[in-house]
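# Summary of the model geometry
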Protein chains: 2
Amino acid sequence: MAKTAINPTREQNYPHWYQEVIKAADMAESSSVRGCMVIKPWGYAIWENIKQALDSAFKRTGHKNAYFPLFIPKSYLEKEAEHVEGFAKECAVITHSRLEQKEGEAGLVPGGKLTQELVVRPTSETIIGESFSKWVKSYKDLPLLINQWANVVRWELRPRLFLRTAEFLWQEGHTVHSTSQEAQEESLMILDLYAEFCRDFLAMPVIKGKKSESEKFPGAVDTYCIEAMMQDKKALQAGTSHFLGQNFAKSSEIKFQNQDGEMEFAWTTSWGVSTRLIGGLIMAHSDDNGLVLPPRIAPAQVVILPIYKSETEREKILEYTTQLQKDLEKICYHNKPLEVILDDSNATSSARSWEWIKKGVPIRVEVGLRDLEQDSLFVGRRDLEPRDKKSLPRASFLQEACSILENIQFNIYSKAKSFLRANTKIVDKKDEFFDLFKSKGKQIFALSHWCGCAECEQAIKQELKATVRCLPFDSQEEEGVCIYCGKPSKKRVVFAKSY
Amino acid sequence: MAKTAINPTREQNYPHWYQEVIKAADMAESSSVRGCMVIKPWGYAIWENIKQALDSAFKRTGHKNAYFPLFIPKSYLEKEAEHVEGFAKECAVITHSRLEQKEGEAGLVPGGKLTQELVVRPTSETIIGESFSKWVKSYKDLPLLINQWANVVRWELRPRLFLRTAEFLWQEGHTVHSTSQEAQEESLMILDLYAEFCRDFLAMPVIKGKKSESEKFPGAVDTYCIEAMMQDKKALQAGTSHFLGQNFAKSSEIKFQNQDGEMEFAWTTSWGVSTRLIGGLIMAHSDDNGLVLPPRIAPAQVVILPIYKSETEREKILEYTTQLQKDLEKICYHNKPLEVILDDSNATSSARSWEWIKKGVPIRVEVGLRDLEQDSLFVGRRDLEPRDKKSLPRASFLQEACSILENIQFNIYSKAKSFLRANTKIVDKKDEFFDLFKSKGKQIFALSHWCGCAECEQAIKQELKATVRCLPFDSQEEEGVCIYCGKPSKKRVVFAKSY
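Given the structure is predicted, the values throughout are model-derived calculations rather than measurements.

### Concerning the overall build of chain A
In terms of helices and strands, chain A carries 14 helices and 27 strands. With respect to the principal axes defined by its C-alpha atoms, chain A has extents near 80 × 65 × 60 Å. Taking contacts inside chain A between residues at least 6 apart in sequence as the whole, the part at least 24 apart equals 69%. A total accessible area of about 21,100 Å² is found for chain A, and carbon and sulfur atoms account for 49% of it. Averaging the positions of the 68 positive and the 68 negative side-chain charges in chain A gives two centres separated by 3 Å.

Rendered as structure tokens:
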């Protein structure tokens, strides 16, 4: 059996493999604060690239960034009944404004009891709604298109790095419109933007659709989502966009004077993606040798590994590779200079090479004395086997670097796309459906009919741990019967196990 | 008396003027959450520019970004005695993990009491120290140079937008070194970096120096600071950099194996600037017509105001100005395309012009029919009087735009620099010193001798509300006597009232 850099392998133990990939790439770690993670530089650099790409897409489509308070008064949360119901159970509650010494106590104890408790934002509809109610007065103020990059907290019982953590980083868009249609269009436009970002940057194909009633955002009229397939064939909800109707406009009193001079409640949306995307990125592409990064989102596209046997060799080769790094950094890749690491650490060349394989850097360039003499480079690609390297003249490599990177990006996407296609199947027989979700590791994305009633959905969830991931946009109307109860159904939905 | 856009003027009521400038420029507002502010798009865009400039300076000097938990267990804070003493009185304390319905209560009440209270980070030395103690094992792991962009919370009794808010945004650098000297050098290098950023981007001259014992960061060995002068001649502490010695390394157990194989405690630093810089920016440059923005930090450098009297004129002029906007956006200013706003809103041309004066945009370009016919533009500059506009051929303006902006940047800086010089004076007589700080509005930066004892410092603070802002780096040793007690002193310090 071939040796792998990550143990266990995906097949041996997928959840454990996931943790090991993160550890081997030095991306993040659990902190001693329950449920909270520390995002280490390599992981955070990926988040910075995600932010940059999304932020410019938001700005291109007319959104502006702002920042709202971390704390939400308890009474605000209570304004929208479904909303508070959805979030109350997982809120960090602030009750005091200081720590103080108390007679007879060894350490400090909370002091300065607040008259009203505050919660750390689990999401900001209610606190942003408070501002919007002041900002919006007339139809001329609309649409109001705001985004916030922030941290949020939702207490988690079973935290997992990037996928489910008590505190996570995200962006939350909040918009206000004068008509229902415009708000609907906004929420769908953003869903497209998310899907395109996943495709074009994360190389991650997604299925766009609508959530069932039970899976909707608390307080939304409609929740739209993108669902991605991980390599264990489970689904990851990678982003959501909510059409909130007038629910939050009513609870926050967001009203505007329309063109006829009458006061109306506005229509709002909200939408977000989070550091969870990094979890998706890892599980969609990585292999048994560690992280695989699509070049467009990688903190570095190229790593140069000088290889030498003596101090004289070292000097020569370092001069050559330093110049190579400079030349590469002059190349523009997707509107930014190529990011190039020159790794001259003390470890053996093999250890250094494996280090960067595990960190997912798209291109590795080894330069030894013979390469230097021939003015050529020994080039490895993360989307190919570690040993599958080839020699390239320096000049050709400089010329082709961008197209090699684009080819890697494309390959990673194609592989994920084929995997999604191969594991998305029409399932019409109940026993087949049960077999797929009851047998260990056989789960897929099942396109099956569902009557639409919450009881069947709930029963399937309980019996099989599979849920309606979404009512996909691209599904056609057709006659069928519910996979669970056999009653008539007009549309297939996506059933899957999920993160 | 000339009419001003901001009322009251600086002279009439400086603190009220400050609030009105922020309001007129639509930068921020108080939120209903006590002490917390909402940063509106125009204010946040300035913060984004500050972040971008500093972030690239940090990266250029080898620092990497990471992210650590928002919550700090109470016991961590208690590890460093001075540190907890300094922050305990202003901590938001989390005691519960959910809100729940309770029989007999109308609303929700806190539930899920935590076994150990958490505080929302007021600063992150202790929680980051916990990670660093795991990351640092050998001298080979050093220096460790980390930065975090984050929100922090320090309960404030008298909040003021940007200057003092319970929650604020900042960056906090945290570094670990193998020697005291290297850590000292790091903290001083960062202080230089802050001072250069203030000078080159915010056009704000600062005085670099060291804090007195009583003004030091809780737990630091030395705190270095940059102090800027506001137009009311009060000081604003604009940034601090702390040499922490081995204090936090000892409390967090950050140890490394040195080259001789022995275990040693490491040497650490921390340093930060915050959204407070925006408050400084406002108070350093703005005038009685509102915000004045240095071009290099402005969200937009140019605003174009089409002026027309009929629909036919409108079409012609919009076509012309849209093209002008495109041409300007092709110009590169400090490695970014010029940001250009085309304001075609319904308001009168005068109202629109004043709008952008109040928002501080460096260049206003008006285009009416006559300008268009002559292919020329009517150009106003925010550093000159509102009416002081001049006609420029379109081609010349395009050619000169960047140098005009640089000239504005330079003028704003020069004005602030002259103001700082004019209001920094050697004061050797006690009665003059008392007069300056006791008389309303007469305060300056007084360069006076101080014996160094805490009692004199405290007495001056209580009697005059003036404090030792810093022991400036550029002050020479000379014989003198303490301005308060008359005992011998070897150095002058900066006394001032402060924000």
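### Let's talk about the pattern of salt bridges
Across all of its chains, the model carries 60 salt bridges over all chains by this definition. Among the salt bridges present, the one from Arg164(B) reaches Glu156(B), with a minimum N-O distance of 3.9 Å. Several salt bridges share partner residues, and in doing so they unite Asp26(A), Glu29(A), Lys40(A) and Lys134(B) into one network.

### Things to note about the relation of the copies chain A and chain B
Turning chain A through 180 degrees and shifting it by 0.0 Å along the axis lays it on chain B, with an RMSD of 0.0 Å. Read as a symmetry element, the transformation amounts to a two-fold axis. Among all residues of chain A, the minimum C-alpha distance to the rotation axis is found for Ile94(A), at 2.1 Å. Taken as a fraction of all interface residues of chain A, those also at the interface in chain B reach 100%, which identifies the copy contact as same-surface.

### Description of the sheet that holds strand β5 (residues 93–101) of chain B
Spatially, the six strands line up as an open sheet ordered β4(A)-β6(A)-β5(A)-β5(B)-β6(B)-β4(B), and their pairing is antiparallel. Two strands in the sheet have a free side with no partner beyond their single neighbour: β4 (71–73) of chain A together with β4 (71–73) of chain B. Within the sheet, the average angular offset between the axes of one strand and its neighbour, ignoring direction, is 45 degrees. Two elements, β4(A) and strand β6 (residues 108–120) of chain A, share three bridges in a ladder whose sense is antiparallel. Residue pairing in the sheet places Phe71(A) in a bridge with Val120(A) of β6(A).

### A few points about the interface of chain A and chain B
Counting residues at the interface gives 62 residues for chain A and 62 residues for chain B. Each partner contributes to the roughly 4,900 Å² buried at the junction of chain A and chain B, and carbon and sulfur atoms together form 64% of this total. Among the residues chain A hides against chain B, the three largest losses belong to Tyr67(A), Val93(A) and Leu99(A). Together they make up 14% of the total. Applying the counting criterion to the chain A and chain B interface returns four salt bridges.

### Some points on the pairing of strand β9 (residues 206–210) of chain A
All names here are of chain A. Strand direction decides the pairing type here: β9 and strand β10 (residues 222–229), joined by five bridges, are antiparallel. Within the sheet, the bridge partner assigned to Lys210 lies in β10 and is Tyr224. In this structure, β9 lies alongside strand β24 (residues 467–472), joined through two bridges in antiparallel fashion. Bridge assignment links Lys210 to a residue of β24, and that residue is Leu471.

### What to know about the nonpolar core
In terms of nonpolar packing, the biggest core is built from 76 residues, with Phe71(A), Val120(A), Phe71(B) and Val120(B) touching the most fellow members. Not counting residues up to four positions away in its chain, the partners in contact with Val120(B) are Leu70(A), Phe71(A), Ile94(A), Leu70(B), Phe71(B), Ala92(B), Ile94(B) and Val153(B). Core analysis: the second largest hydrophobic core is formed by 64 residues, Tyr14(A), Trp42(A), Tyr44(A) and Trp271(A) among them.

### Digging into the sheet that holds strand β23 (residues 445–449) of chain A
Residues and elements named next belong to chain A. One open sheet accounts for eleven strands, arranged β3-β7-β8-β14-β11-β10-β9-β24-β27-β23-β22; its pairing is mixed. A single partner strand is all that each edge strand has here, and the edge strands are β3 (64–65) and β22 (424–426). Packing of helix α6 (residues 180–200) onto the sheet brings it into contact with β7 (144–153), β8 (167–177), β9, β10, β11 (235–243) and β14 (267–274), and relative to β14 it is tilted by some 15 degrees.

### Some words on unusual backbone geometry
Look at the link from Leu142(A) to Pro143(A): it is a cis peptide, with omega at -5 degrees. Relative to the assigned elements, Pro143(A) resides in the loop between α5 (125–135) and β7. Residues other than glycine seldom take positive phi values, yet His334(B) does so here, at roughly 50 degrees. Within the fold, His334(B) resides in the loop between β16 (332–333) and β17 (336–337).

### Structural notes on helix α14 (residues 454–464) of chain A
Residues and elements named next belong to chain A. Taken as a whole, α14 has its buried residues at Cys456, Glu457, Ala459, Ile460 and Leu464. Relative to the axis of α14, the buried residues are bounded by an arc of 165 degrees and lie together on one face. What points out from α14, more than 90 degrees from its buried face, is the exposed set Glu455 and Gln462. Summarising the contacts, the buried residues of α14 are in contact with α13 (430–438), β24 and β27 (492–496).

### Comments concerning empty space enclosed by the protein
Inspection of every chain in the model, using the stated rule, returns six cavities of 30 Å³ or more. Taken as a whole, the largest cavity encloses approximately 260 Å³ of empty space. The wall of the largest cavity is formed by 19 residues, among which Trp149(A), Ala150(A), Lys51(B), Trp149(B) and Ala150(B) lie closest to the centre. Mapped by element, the contributors of at least two residues to the lining of the largest cavity are α2 (41–60), β7 and β8 of chain A together with α2 (41–60), β7 (144–153) and β8 (167–177) of chain B. Residue composition of the lining of the largest cavity, grouped by class: 14 nonpolar, two polar and three charged.

### Notes on the environment of Glu182(A)
All names here are of chain A. Checked against the element boundaries, Glu182 lands in helix α6. By relative accessible area, which is 28% here, Glu182 ends up partly exposed. Between the C-alpha atoms of Glu182 and Trp267, which are 85 residues apart in sequence, the distance is 8.4 Å. Ignoring anything within four residues of it in the chain, the contact list for Glu182 reads Pro143 and His177. Within the structure, Glu182 has its side chain in polar contact with the side chain of His177 (distance 2.7 Å).

### Observations regarding the packing of α2(B) against helix α8 (residues 276–285) of chain B
All names here are of chain B. In the contact formed by α2 and α8, the axes pass within 10 Å of each other and the chain directions differ by 110 degrees. Taken together, the axes of α2 and α8 lie roughly perpendicular to each other. Across the interface between the two elements, Gly43, Ile46, Trp47 and Ile50 from α2 touch Leu277, Ile278 and Leu281 from α8. Along the lines of polarity and charge, the residues of the contact of α2 with α8 split into six nonpolar, one polar and no charged.

### A word on the packing of aromatic side chains
All names here are of chain A. Under the defined criterion, the tally for this structure stands at 38 aromatic pairs over all chains. With a centroid separation of 5.8 Å and 55 degrees between ring planes, the pair formed by Phe87 and Phe217 is classed as tilted. Linking Phe87 in helix α4 (residues 81–87) with Phe217 in the loop between β9 and β10, this pair joins segments that are 130 residues apart in sequence. Phe217 sits in the buried class, given a relative accessible area of 9%.

### Quick look at the pairing of β10(A)
Every other side chain in a regular strand lies on the same face of the sheet, so the side chains alternate between the two faces. Residue and element names in this part refer to chain A. Burial of β10 is extensive: eight of the eight residues sit out of reach of the surface. Judged by which residues are buried, β10 turns out to be covered on both faces: Asp222, Tyr224, Ile226 and Ala228 on one side and Thr223, Cys225, Glu227 and Met229 on the other are all buried. Direction of pairing for β10 relative to β11: antiparallel, over a ladder of eight bridges. When the sheet's bridge partners are listed, Ala228 is paired in β11 with Leu236. In this structure, the hairpin formed by β10 and β11 is closed by a connection of five residues, where Lys233 is found at a positive phi of approximately 65 degrees.

### Quick look at helix α5 (residues 125–135) of chain B
When you tally the buried positions in α5(B), you get nine out of eleven residues, the bulk of the element. All buried positions along α5(B) are accounted for by Glu125(B), Thr126(B), Ile127(B), Ile128(B), Gly129(B), Glu130(B), Ser131(B), Phe132(B) and Trp135(B).

### Remarks on the packing of α13(A) against α14(A)
Residues and elements named next belong to chain A. Axis separation between α13 and α14 bottoms out at 10 Å; the angle between their running directions is 45 degrees. When the axis of α13 is compared with that of α14, the two are oblique. When α13 is examined against α14, the residues Phe433, Phe434, Phe437 and Lys438 are found in contact with a partner set consisting of Ile460, Glu463 and Leu464. Split into classes, the residues belonging to the contact of α13 with α14 amount to five nonpolar, no polar and two charged.

### Quick notes on the side chain of Gln409(B)
Residues and elements named next belong to chain B. When you line up the elements, Gln409 lands in helix α12 (residues 394–422). Only 3.2 Å separates the side chain of Gln409 from the backbone oxygen of Phe201, close enough to count as a polar contact. At 3.0 Å, the side chain of Gln409 forms a polar contact with the backbone nitrogen of Arg296. Not counting the four nearest positions on each side in its chain, Gln409 is found in contact with Asp200, Phe201, Ala203, Pro294, Pro295, Arg296 and Tyr333.

Calculation rules
Note on numbering: residues in each chain are counted from 1, in written sequence order. The lettering of chains begins at A and the numbering of ligands begins at 1, in the order of writing. Since the coordinates come from a predicted model, pLDDT governs what is reported: local features require at least 70, and pairs of side-chain atoms require 80 or more to be given and counted, while whole-chain, interface and lining totals use all residues. To get the side-chain values, take all heavy atoms of the structure and skip hydrogens and water. Counting from the N terminus, the helices are the DSSP runs of H or I reaching at least four residues and the strands are the DSSP runs of E reaching at least two. Note on contacts: a residue pair is in contact if any heavy atoms of the two residues lie within 4.5 Å. Exposure was quantified through the Shrake-Rupley algorithm and a 1.4 Å probe, taking into account, for residues, occlusion by the shown protein chains and nothing else. Charged residues are defined here as Lys and Arg on the positive side and Asp and Glu on the negative side; His and the ends of the chain fall outside this count. All charge positions are set by atom: Lys at NZ, Arg at CZ, Asp at CG, Glu at CD. When a carboxyl oxygen of Asp or Glu lies within 4 Å of a side-chain nitrogen of Lys or Arg, that pair is called a salt bridge. Here the copies are matched by least squares. The fit uses the C-alpha atoms of residues with pLDDT of at least 70 in both. Pairing between two strands is assigned when DSSP locates at least 2 bridges connecting them. Between N-to-C directions, angles cover 0 to 180 degrees, with each direction set by a line fitted to C-alpha atoms, over the stretch in contact for helices. What counts as buried area is the accessible surface, traced by a 1.4 Å probe, that two parts surrender upon association, with contributions from both included. Throughout this description, the term nonpolar core refers to a set of buried Ala, Val, Leu, Ile, Met, Phe, Trp, Tyr and Cys residues connected via side-chain atoms within 4.5 Å. Note on classification: 1.4 Å probe, protein chains only; a residue is buried when its accessible area is under 20% of the maximum for its type, exposed when over 50%, partly exposed between these limits. Note that the arc is defined by the directions from the helix axis to the C-beta atoms. Buried and open spaces are told apart on a 1 Å grid over the protein atoms alone, a cavity being a set of points where a 1.4 Å probe fits but cannot get out and a pocket being an open set with protein on both sides within 12 Å along at least five of seven lines. Residues with an atom within 4 Å of a point are the lining residues. Grid points are joined across faces, edges and corners, and a volume is the space filled by probe spheres set on the points. Each residue gets one of three labels, nonpolar for Ala, Val, Leu, Ile, Met, Phe, Trp, Tyr, Cys and Pro, charged for Asp, Glu, Lys and Arg, and polar for the others, Gly among them. Under the rule applied, a polar contact is a pair of N or O atoms within 3.5 Å (in protein, one hydrogen donor and one hydrogen acceptor; residues adjacent in sequence only if both atoms are side-chain atoms). Any angle from 65 to 115 degrees is called roughly perpendicular, while one under 35 is roughly parallel, one over 145 is roughly antiparallel, and all others are oblique. Two aromatic rings from Phe, Tyr or Trp, using only the six-membered ring of Trp, form a pair when their centres are within 6.5 Å; if the ring planes differ by under 30 degrees the pair is stacked, by over 60 it is edge-to-face, and anything between is tilted.

That is the geometry; function is a separate question.
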